[in-house]
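Structural overview
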Amino acid sequence: MDTLDAAATIRAARELNERLGIRGVLSYDEIRVPVAAAVAEALGLPSGGTQAVVACRDKALTRQRFAAAGVPQPSSYAVSSVEEAAARAASIGYPVVVKPRALAGSMGVALVENPEALPTAYASTRSAEFSELPRLEDGVLVESFADGPEISIDAACHNGTVYPLFVARKKTGFAPYFEEVGHVISARDPLLDDPEIVGVLQAAHSALGLSTLMTHTEIRLTPEGPKVIEVNARLGGDLIPYTAQLATGVDYGTVAARLAQGIRPTSDELPERTAQIDFLYPVTDLVVDTLEVTEGGLPAEVHRIIPLVGPGRTLRIPPREHVRGRYAVVVTVAGTPEACDEARAVAEKHVQLVGTPLDDAPPVV
């Protein structure tokens, strides 16, 4: 069965429900979240709301709903040509951000400092794709740049009311591209109780019409205040919920499963603890010869080092590849972000990548 076919999936779910009974519907897969919402609605179960979830997937619709509700956000235009992109960028004023209308994980997102850099950035963004997603005619957004640190907030939305669960402070790299190279999660992050941020988070969910689901919202902390970049109708990717569980002790997969049944999460006393995840990339495009991890002598704050590739694997760094350019993951847990970062620096020295640079790799600068 094609699980992207909502009608076929609903038919199958109804047959299963008659035999076994279904108490909730949940999907972690970015592409299938709208289908899961449609199935839940068809069975009369708790749901984020099909149209609201679709508006999360389509960033142009997100921007339209935010604008109508007055949610603080960057100005944004959907464009279908480099000429139209140039005209919109000129009206906004540089720097601008170009991004795909309906992808994820910061794929194809780039900061453009001047008109000369726009054609290359537009072409890179336009070519970014996911095999199961259709290519939209006006599939590129040109937006004003919201300067400031970026965070994500994973939350439980229950009958339209938002309950923030944890904050991840994002690390990015490979400028001008916004590659997510790490996340820092402190169990007692003060932003969880910041009334302005919590208010903006609720306003964004209300503007989209979201009902009952887990969400992952990205926000920029600008000098003018928090601005919402996007809301995703699922838990965060990049092992963010796993990292958060190490920091807080809360199993967010269980929280999501209970919420899918309509059960609102409870509040627990959280420890004074930080967990951090860092992704390692090569300095240039290469074919992996060897990847070795030595664990002796690692500080106690290093929770795990996870190799991601083996011999023969081709690695290309952004923008030619994004998450597939990673060769290892370092996870650290400590009392503070600073202690995590110190442990990460030690751990990186225990990961040795040897590879053969590709002939078509750009020069290292």
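Just so it is clear, the model here is predicted, and its values are computed rather than measured. (Residues numbered from 1 in each chain as written. Predicted model: local features only at pLDDT ≥ 70, side-chain atom pairs only at ≥ 80, totals over all residues. Heavy atoms only, no water.)

Overview of the side chain of histidine 158
Tracing the chain through its elements places histidine 158 in strand β5 (residues 150–158). Within the local environment of histidine 158, its side chain forms a polar contact with the backbone oxygen of glycine 262, the two atoms lying 2.9 Å apart. What histidine 158 contacts, discounting residues up to four positions off in sequence, is Tyr163, Ser211, Thr212, Leu259, Gly262, Ile263 and Arg264. (Helix = DSSP H or I, 4+ residues; strand = E, 2+ residues; numbered from the N terminus. Polar contact = N/O pair within 3.5 Å; in protein donor to acceptor, adjacent residues only side chain to side chain. Contact = heavy atoms within 4.5 Å.)

What about the packing of helix α4 (residues 59–69) against helix α7 (residues 195–208)?
Taken N-terminus to C-terminus, the directions of α4 and α7 make an angle of 110°; their axes are 9 Å apart at the nearest point. Judged on the interaxial angle alone, α7 and α4 are roughly perpendicular. Seen along the crossing, α4 lies across α7 with a hand that is right-handed. For the pair α4 and α7, contact is made by Thr62, Arg65, Phe66 and Ala69 and by Ala204, Ala207 and Leu208, respectively. (Axes fitted to C-alpha atoms, helices over the stretch in contact; angles between N-to-C directions. Parallel < 35°, antiparallel > 145°, perpendicular 65-115°, else oblique. Left-handed = near helix turned anticlockwise from the far one by under 90°.)

A look at the nonpolar core
Formed by 28 residues in total, the largest nonpolar core has its most connected members in Val53, Phe66, Ile153, Leu208, Leu210, Val228 and Val231. Listed by contribution, the elements that provide at least two residues to this core are α2 (33–42), α3 (50–57), β5, β6 (161–173), α7, β8 (213–222) and β9 (225–232). The leading source of residues in this core is α7, at 6 residues. Sequence-distant contacts of phenylalanine 66, defined by excluding residues within four places in its chain, comprise Val71, Gln73, Ala204, Ala207, Leu208, Val228 and Val231. (Core = buried A, V, L, I, M, F, W, Y, C linked by side-chain atoms within 4.5 Å. Buried < 20%, exposed > 50% of the residue type's maximum accessible area, 1.4 Å probe, protein only.)

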